[in-house]
Amino acid sequence: HIGAILTKAGYLGRAFRGHVAEALIRWHRAGMYAHWILVQPTQEDIDGGAFHWEQNDREWGLVPESMAILGNIGLPERRGSKDAGKPTLSGWRLNQPEEAYLRFVKAAVERYDGDGVDDMPGLKVPIRYWQLENEPDIASEDTEGYAHLHEITCDAIREACPEAKVALGGQT
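Overview of the structure. Quick caveat, the model's predicted, so the values are computed rather than measured.

## Notes on empty space enclosed by the protein
Across all of its chains, the model carries one cavity of 30 Å³ or more by this definition. What lines the largest cavity is Trp60, Gly61, Ile69, Met120, Gly122, Leu123, Lys124 and Val125. Partitioning the lining of the largest cavity into residue classes produces five nonpolar, two polar and one charged.

Put into structure tokens, the structure is as follows:
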């Protein structure tokens, strides 16, 4: 993804930002998803409502104002985790209550929607376009599980930001 290449450290200096605008590159789809397992890595974080946005803030904060961002909600590892309490998936089924996952989704969208409520400090480019994972067929053939997660994720995104649009992850 060209957007991911552009945001590598050192590539978005002031001079380069001008070249981005000149080239009419208008979209950034980050290599760094809003991964639940990174934003709330422990059971204590999930139970206490603690979120660690530093990685996403750093990446999305570098995107020039001339671009739009396609934010991607990343789910936990699909492999079994040896760390007790970490969110994991079996197919597309969560090992945590849906309510905990939906709190994470709403918090992510709220942080980056640019409405002035609980936004990332210094947010320049609000995220109004979201996707749940990408290439979901690689992770699992559990299409019903993915469809359910996509539906509840869409609802949560739109609850947090009614103007948001939600894309379907591409198939391989």
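Still more ground to cover, so stick around.
## Considerations on the nonpolar core
In this structure, Trp60, Ile73, Tyr101, Phe104, Val105, Trp130 and Leu149 are the most contacted members of the largest nonpolar core, which totals 38 residues. Those elements that place two or more of their residues in this core are helix H3 (36-39), strand S3 (68-74), helix H6 (98-112), strand S6 (129-132) and helix H8 (143-160). Per-element accounting of this core gives the leading share, nine residues, to H6.

## Some points on unusual backbone geometry
The phi torsion at Asp118 lies on the positive side, around 55°, for a residue other than glycine. Note on Asp118: relative accessible area 61%, which makes it exposed.

## Remarks on the side chain of Gln131
In this structure, Gln131 sits in strand S6. According to the relative accessible area criterion, Gln131 is buried, its value standing at 5%.

## Some details on the pattern of salt bridges
What the rule picks out here adds up to two salt bridges. In this structure, the salt-bridge partner of Arg111 is Asp57, at a minimum N-O distance of 2.6 Å. In this pair, Arg111 is assigned in helix H6 and Asp57 in helix H5 (residues 54-61), connecting sequence segments 54 residues apart. Residue classification places Arg111 among the buried residues on the basis of a relative accessible area of 15%. Its salt-bridge partner being Glu159, residue Lys106 comes within 3.2 Å of it at the nearest N-O pair. In this pair, Lys106 sits in helix H6 while Glu159 sits in helix H8, placing the two residues 53 residues apart along the sequence.

## Some remarks on the environment of His28
You can see His28 is positioned in strand S1 (residues 27-29). Overall, His28 belongs to the buried group, its relative accessible area being 0%. A distance of 3.4 Å separates polar atoms of two side chains, one belonging to His28 and the other to Glu59.

## A closer look at the packing of aromatic side chains
With the rule as written, the count across this model stands at nine aromatic pairs. With 6.0 Å between their ring centres and 85° between their planes, Trp53 and Tyr112 make a pair best called edge-to-face. With a gap of 59 residues between them, Trp53 in the loop between helix H4 (43-48) and H5 and Tyr112 in helix H6 connect regions that are remote in the sequence. Between Trp60 and Tyr112 the ring centres are 4.8 Å apart and the planes differ by 85°, which places this aromatic pair in the edge-to-face class. With Trp60 in helix H5 and Tyr112 in helix H6, this pair connects stretches of sequence that are 52 residues apart.

## Some points on the pairing of S3
The buried fraction of S3 amounts to six of the seven residues, a majority that puts the element mostly inside the structure. Where S1 meets S3, three bridges bridge the pair, whose relative direction is parallel. Along S3, the bridge assignment pairs His28 with Ile69. Pairing geometry for strand S2 (residues 34-35) and S3, over two bridges, is parallel. Bridge assignment links His35 to a residue of S3, and that residue is Gly74. Alignment of S3 against S6, held across four bridges, turns out to be parallel.

Thresholds applied
- Residues numbered from 1 in each chain as written.
- Predicted model: local features only at pLDDT ≥ 70, side-chain atom pairs only at ≥ 80, totals over all residues.
- Heavy atoms only, no water.
- 1 Å grid on protein atoms, 1.4 Å probe; cavity = no way out; pocket = protein on both sides within 12 Å on 5 of 7 lines; lining within 4 Å.
- Points joined across faces, edges and corners; volume = space filled by probe spheres on them.
- Nonpolar A, V, L, I, M, F, W, Y, C, P; charged D, E, K, R; others polar.
- Core = buried A, V, L, I, M, F, W, Y, C linked by side-chain atoms within 4.5 Å.
- Buried < 20%, exposed > 50% of the residue type's maximum accessible area, 1.4 Å probe, protein only.
- Helix = DSSP H or I, 4+ residues; strand = E, 2+ residues; numbered from the N terminus.
- Salt bridge = Lys/Arg side-chain N within 4 Å of Asp/Glu carboxyl O.
- Polar contact = N/O pair within 3.5 Å; in protein donor to acceptor, adjacent residues only side chain to side chain.
- Phe/Tyr/Trp six-rings, centres within 6.5 Å; stacked < 30°, edge-to-face > 60°.
- Pairing = 2+ DSSP bridges.

Interpretation in functional terms is not warranted from these geometric data alone.
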